[in-house]
Amino acid sequence: MDLDIILLLSLAALVAGFIDAIAGGGGLITLPALLIAGVAPTDAIATNKLQGTFGVATASASYYKSGLIDLRVIATAVAATAVGAAAGSMLVSNVDPELLHRFMPFALIAAAFYFAATPYLREHAPHAKLSTVAFALGAAAPIGFYDGVFGPGAGSLYTLAFLAAAGCNLITATANAKLLNFTSNLASLGVFLVSGHVNFAVGLPMALGQSLGAWVGARTALKHGTWIIRPLLVATTSAAAIKLLMGTV
């Protein structure tokens, strides 16, 4: 691939990393960019996992250092996410992607309305509606599976799950979502590495852009909190639904 195309992909990854660290949805930029650049669909999904893993790792580290992630509380969810994502990636060639294309737009539209209207986006956290195990099995694992099969919008769905069922306020939900997103990306990446679908020549330069964008995005979210996270959540989930409805991802 030409150097100028790789540089453009890296720039797209930088922008995606910034958005993803705040609200999720970075894959809506990078996955189509890889496909437009001529990367085969399965290789594009695999390479997107490589570069995306670096971005969510950077964002997760920033949120963890700020004390927003309690590993003891979400350890079960992390484990369930890893299993779900690995299973999804192993089954990716056997799952009809049209099933996901038909279902996901409506799930993301519902999420956008939730982010726009729900009282749970206030600064104070609501009470948890699910136990730790129920949340892991009922939310973390299924979203992880989706992320392993396809991915775009998964970060926003993790945030929604933490808001709606785990008793988190918006900034804590965002931080915890990054850790689960990192987990599902890493588990999926491991499967794709074994299958040989990762394009390192493209993925590693994009990873640098992702990491820089994620670092800036996490710092921005920590500084501005709900004021910036809420509108970006609504925007990214709406964009995800529109893209999937149009069949462009």
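Provided above is the structure to which this section pertains.
Along each chain, residue indices are assigned from 1 in the same order as the chain's sequence is written. Per-residue local features of the predicted model are confined to residues with pLDDT of at least 70, and side-chain atom pairs are confined, for both listing and counting, to 80 or more; whole-chain, interface and lining totals are unaffected and use all residues. Just so you know, side-chain values use all the structure's heavy atoms and leave hydrogens and water out.

## Observations concerning a nonpolar patch on the surface
Right, so step 1: On the surface, a cluster of nonpolar side chains totalling about 610 Å² of accessible area is made up of Leu-8, Leu-11, Leu-14, Val-15, Leu-212, Trp-215 and Val-216.
Right, so step 2: For the nonpolar patch, the secondary-structure elements that each account for two or more residues are α1 (3–23) and α9 (200–224).
Right, so step 3: Examining the composition of the nonpolar patch, we find that four residues originate from one element, α1, more than from any other.
Right, so step 4: Going along the chain from the N terminus, every DSSP run of H or I of four or more residues is numbered as a helix, and every run of E of two or more is numbered as a strand. Note that Leu-11 resides in helix α1. Patches here: salt-bridge-free residues with over 30% relative accessible area, like charges joined within 9 Å, nonpolar side chains (Val, Leu, Ile, Met, Phe, Trp, Tyr) joined within 5 Å. Exposure was quantified through the Shrake-Rupley algorithm and a 1.4 Å probe, taking into account, for residues, occlusion by the shown protein chains and nothing else. One side-chain nitrogen of Lys or Arg within 4 Å of one carboxyl oxygen of Asp or Glu is enough to make a salt bridge.

## What to know about empty space enclosed by the protein
Right, so step 1: The rule is simple: put a 1 Å grid over the protein atoms alone, call a set of points where a 1.4 Å probe fits but cannot get out a cavity, call an open set with protein on both sides within 12 Å along at least five of seven lines a pocket, and count a residue as lining if it has an atom within 4 Å of a point. Grid points are joined across faces, edges and corners, and a volume is the space filled by probe spheres set on the points. Taken as a whole and assessed by the stated rule, the structure comprises one cavity of 30 Å³ or more.
Right, so step 2: A volume near 180 Å³ is recorded for the largest cavity.
Right, so step 3: For the largest cavity, the lining is made up of 20 residues, of which Asp-20, Gly-27, Asn-48, Asn-181 and Asn-185 are closest to its centre.
Right, so step 4: Secondary structure elements with two or more residues in the lining of the largest cavity: α2 (27–36), α3 (41–65), α7 (154–165) and α8 (170–195).

## Quick word on the packing of aromatic side chains
Right, so step 1: Aromatic rings from Phe, Tyr and Trp, taking only the six-membered ring of Trp, are treated as a pair when their centres fall within 6.5 Å; an angle between ring planes under 30 degrees marks them as stacked, one over 60 as edge-to-face, and anything in between as tilted. Summed over the entire model, instances satisfying the criterion amount to one aromatic pair.
Right, so step 2: For the pair Phe-135 and Phe-162, a centre-to-centre distance of 4.9 Å together with 40 degrees between the ring planes defines the contact as tilted. On the criterion of sequence distance, the pair formed by Phe-135 in helix α6 (residues 132–149) and Phe-162 in helix α7 is long-range, its members being 27 residues apart. We note that Phe-135, like Phe-162, is buried. Categorising residues by exposure relies on relative accessible area from a 1.4 Å probe, with only protein chains included: less than 20% of the type maximum marks a residue as buried, more than 50% marks it as exposed, and the intermediate range marks it as partly exposed.

## Some remarks on the side chain of Lys-178
Right, so step 1: Here Lys-178 is to be found in helix α8.
Right, so step 2: Positive charge is attributed to Lys and Arg, negative charge to Asp and Glu, and no charge count is given to His or to the chain ends. No salt bridge is formed by the buried Lys-178; the nearest opposite charge belongs to Asp-20, separated by 4.2 Å.
Right, so step 3: Contact definition: two residues touch when any of their heavy atoms are within 4.5 Å. Those residues in contact with Lys-178 that sit more than four places away from it in its chain are Asp-20, Ala-21, Gly-24, Val-56, Ala-59, Ser-60 and Tyr-63.

## Observations concerning α6
Right, so step 1: Take the residue count of a helix, subtract one, and multiply by 1.5 Å to get its expected span. With 18 residues, α6 extends 24 Å from end C-alpha to end C-alpha; this agrees with the ideal 26 Å at 1.5 Å per step.
Right, so step 2: In this scheme, the bend at a residue equals the angle between the axes fitted to the seven residues that finish there and the seven that begin there. Bending of α6 peaks at approximately 30 degrees at the position of Ala-140, with proline Pro-142 no more than four residues after it.
Right, so step 3: Turning to α6, its buried residues are Phe-135, Ala-136, Ala-139, Ala-140, Ala-141, Ile-143, Gly-144, Tyr-146, Asp-147, Gly-148 and Val-149.
Right, so step 4: Two residues or fewer after α6 comes Gly-151, characterised by a positive phi angle close to 120 degrees.

## So, the packing of α1 against α8
Describing two packed helices takes the angle between their axes plus the distance from one axis to the other.
Right, so step 1: Axes here mean lines fitted to C-alpha atoms, for a helix over just the part in contact, with angles spanning 0 to 180 degrees between N-to-C directions. Running from amino to carboxyl end, α1 crosses α8 at an angle of 120 degrees, the nearest separation of the two axes being 8 Å. By the angle class used here, α1 and α8 are oblique. Here α1 contributes Asp-20, Ala-21 and Ile-22 to the contact with α8, which in turn contributes Thr-174, Lys-178 and Asn-181.
Right, so step 2: For the contact of α1 with α8, a count of residues per class yields two nonpolar, two polar and two charged. Each angle is binned into one of four classes, with values under 35 degrees roughly parallel, values over 145 roughly antiparallel, values of 65 to 115 roughly perpendicular, and all other values oblique. Just so you know the grouping, Ala, Val, Leu, Ile, Met, Phe, Trp, Tyr, Cys and Pro go in nonpolar, Asp, Glu, Lys and Arg go in charged, and all remaining residues, Gly too, go in polar.

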